[in-house]
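Here is how the chains run, residue by residue.
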Amino acid sequence: MILMGPPGAGKGTQAKLLEQRFQVPHVSSGDLLRAAVKRKTPLGKQAKRFMDRGELVPDEILLGAIEERLHQDDCANGVILDGFPRTLAQGTALKSMLAKMGLRIDHVLSFNVPREDLVKRMSGRRTCRDCGAMYHIIFDPPLNPGMCNKCNGELYQRDDDQEDTILARLDVHERQTAPLLAAYRECGLLREVDGIGSQDQVLNRILNLVQAHE
Ligand code: AP5
């Protein structure tokens, strides 16, 4: 299953819920890159300057890391991909990675959320430094400000959730990801999800769409 949609649309939030529901791992290209930046690995050092500008990380930097992650044992029976692929070239690369693993794409979910809501969602997002749990200062606030409900870790704001970078990311998505969405629509894999409403409402819409296309 592939989760697509603009930055802030709720892909990561829903991926965590779907991971529990379907018992297959959530693989997020953004999380993978942020972990590499935090560890200051060669991948992280190369990726950071693109991420800080809200641009896509070039394929020659990213694809090897995605393929390596997909070859780990926990992905053998399936995976929920979040944020990858985003371009036609990445879609082609994924197809050949999955073919080697004997997997296929069942569903591509695309979240529709108006631009002004996306900006509000990203500006208010907070993430736990220790366990990665996600909150929103208005829509899903932690019990204690600045502290994770699950592990008491410190909540932080992502570097790329500053307003000018948010706007750059939205533009990049509109320009670079639209052709891939069109290609998935054409081959009958695209399921469009209304991303407005509570997290449970959005999850139920996804589950209904998945069931309808089984
Ligand atoms: P990435 O981390 O993938 O960011 P993104 O696609 O920009 O998506 P986000 O993580 O911002 O949003 P989301 O849709 O997951 O929303 P979330 O659930 O967090 O990528 C970051 C960067 O890495 C890219 O800019 C690029 O540089 C690089 N990169 C990554 N993948 C790449 C690729 N394939 N190729 C090249 N470069 C790549 O929700 C957002 C907020 O809204 C949260 O606070 C949440 O609590 C809240 N929220 C969620 N659901 C709801 C709801 N229903 N109602 C109200 N609030 C909600």
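In this convention, every chain numbers its residues from 1, walking through the sequence in written order. Thresholds applied to this predicted model are a pLDDT of at least 70 for local features of residues and 80 or more for the giving and counting of side-chain atom pairs; totals over whole chains, interfaces and linings are not thresholded and use all residues. Water and hydrogen atoms play no part in the side-chain values, which are based on all heavy atoms of the structure.

A. Geometry of the overall build of the protein. A tally of helices and strands in the protein yields nine helices and eight strands. Using C-alpha atoms as the atom set, the radius of gyration is obtained and then compared with a globule rule of 2.2 Å times the number of residues to the power 0.38. In terms of overall dimensions, the protein is globule-like: its C-alpha atoms have a radius of gyration of 17 Å, near the 17 Å expected for 214 residues. For the protein, the spread of C-alpha atoms along the principal axes amounts to about 45 × 40 × 35 Å. A burial count over the protein gives 48% of its 214 residues as buried. Counting only contacts in the protein whose residues sit at least 6 apart along the sequence, the fraction spanning at least 24 positions is 67%. In this text, helices come from DSSP runs of H or I with a minimum length of four residues, and strands from runs of E with a minimum of two, each type numbered from the N-terminal end. Here's how the labels work: a residue is buried when its accessible area is under 20% of the maximum for its type, exposed when over 50%, partly exposed in between, all with a 1.4 Å probe on protein chains only. Two residues form a contact once any of their heavy atoms are found within 4.5 Å.

B. Structural context of the sheet that holds strand β1 (residues 2-4). Two strands qualify as a pair provided DSSP detects at least 2 bridges between them. Judged by pairing direction, the sheet is parallel, and its five strands sit side by side in the order β2-β3-β1-β4-β8 without closing on themselves. Each edge of the open sheet is held by one strand with a lone partner, namely β2 (26-28) and β8 (190-194). Each strand of the sheet is rotated relative to its neighbour by a mean of 25°, with strand direction disregarded. With three bridges joining them, β1 and strand β4 (residues 108-112) adopt parallel strand pairing. Residue Leu3 lies in a different strand from β4, and its bridge partner there is Leu109. For helices, the fitted line uses only the C-alpha atoms of the stretch in contact; every axis is such a line through C-alpha atoms, and the angle between N-to-C directions lies from 0 to 180 degrees. Together, β2 and β3 (80-82) form the strand contacts of helix α2 (residues 29-39), whose direction differs from that of β2 by roughly 65°.

C. Focus on the nonpolar core. Buried residues of nine kinds, namely Ala, Val, Leu, Ile, Met, Phe, Trp, Tyr and Cys, make up a nonpolar core once their side-chain atoms join them within 4.5 Å. In this structure, Ile2, Val57, Leu70, Leu94, Ile105, Val108 and Tyr184 are the most contacted members of the largest nonpolar core, which totals 33 residues. Within the residue set of this core, elements represented by two or more residues are β1, α2, α3 (42-52), α4 (59-70), α5 (88-101) and α8 (178-186). Tallying contributions element by element places α4 first for this core, with six residues. Excluding its chain neighbours within four sequence positions, the residues that come into contact with Tyr184 are Ile2, Met4, Pro85, Gly91, Leu94, Ile105, Val108, Leu189 and Leu190. Grouped together as the second largest cluster of nonpolar side chains are 21 residues, Ala15, Val24, Phe111 and Val193 included.

D. Examining the packing of α2 against α3 more closely. For the pair α2 and α3, interaxial distance at closest approach is 8 Å and the crossing angle is 115°. Of the two possible hands of crossing, α2 and α3 adopt the one that is left-handed. Between α2 and α3, the contacting residues are Gly30, Leu32, Leu33, Arg34, Ala36 and Val37 on the first element and Leu43, Gly44, Ala47, Lys48 and Met51 on the second. Two helices crossing with the near one rotated counterclockwise from the far one by less than a right angle form a left-handed crossing, whereas a clockwise rotation gives a right-handed crossing.

E. Quick peek at the packing of aromatic side chains. Pairing of aromatic rings covers Phe, Tyr and Trp, the last counted by its six-membered ring, and requires centre-to-centre distances within 6.5 Å; plane angles under 30 degrees mean stacked, over 60 mean edge-to-face, and any other angle means tilted. Scanning the model with the defined rule gives zero aromatic pairs in all. The side chain of Arg53 reaches across the aromatic face of Phe50, ending 5.5 Å from its centre. Think of it as a cone above the ring: NZ of Lys or CZ of Arg counts as a charge over the ring if it is within 6 Å of the ring centre and within 35 degrees of the ring normal.

F. Structural context of the site of the ligand. Not every one of the 33 residues close to the ligand is listed here, only the nearest: Thr13, Glu55, Arg86, Arg125 and Arg169. The backbone of Gly83 places a nitrogen or oxygen atom 2.8 Å from a nitrogen atom of the ligand. Here a nitrogen atom of the ligand sits 2.9 Å away from a polar atom, N or O, in the side chain of Gln90. Among the secondary structure elements, those contributing two or more residues to the shell around the ligand are α1 (11-22), α2 and β6 (134-136). In the scheme used here, Gly and all other residues not listed as nonpolar or charged are polar, with Ala, Val, Leu, Ile, Met, Phe, Trp, Tyr, Cys and Pro taken as nonpolar and Asp, Glu, Lys and Arg as charged. Across the shell around the ligand, the residue classes break down as 12 nonpolar, 12 polar and nine charged. Whether a residue is near a molecule or strand depends on its heavy atoms: if one lies within 4 Å, it is near. We define a polar contact as two N or O atoms separated by no more than 3.5 Å, with the added condition that, inside protein, one atom must be a possible hydrogen donor and the other a possible acceptor, whereas residues neighbouring each other in sequence contribute only through side-chain atom pairs.

G. Structural detail: a nonpolar patch on the surface. A cluster of nonpolar side chains, namely Ile137, Ile138 and Phe139, defines an oily patch on the protein surface of about 330 Å² accessible area. Checked against the element boundaries, Phe139 lands in the loop between β6 and β7 (155-156). For patch building, the residue pool is restricted to those with more than 30% relative accessible area and no salt bridge; the joining distance is 9 Å between like charges and 5 Å between nonpolar side chains (Val, Leu, Ile, Met, Phe, Trp, Tyr). Surface exposure here means Shrake-Rupley accessible area, sampled with a 1.4 Å probe, where a residue is shielded only by the protein chains that are shown. Within this document, salt bridges are pairs made up of a side-chain nitrogen of Lys or Arg and a carboxyl oxygen of Asp or Glu, the two lying within 4 Å of each other.

H. Structural context of the environment of Val172. Here Val172 shows up in helix α7 (residues 163-176). Residues in contact with Val172, not counting those within four places in the same chain, are Gly54, Glu55, Leu56 and Thr177.

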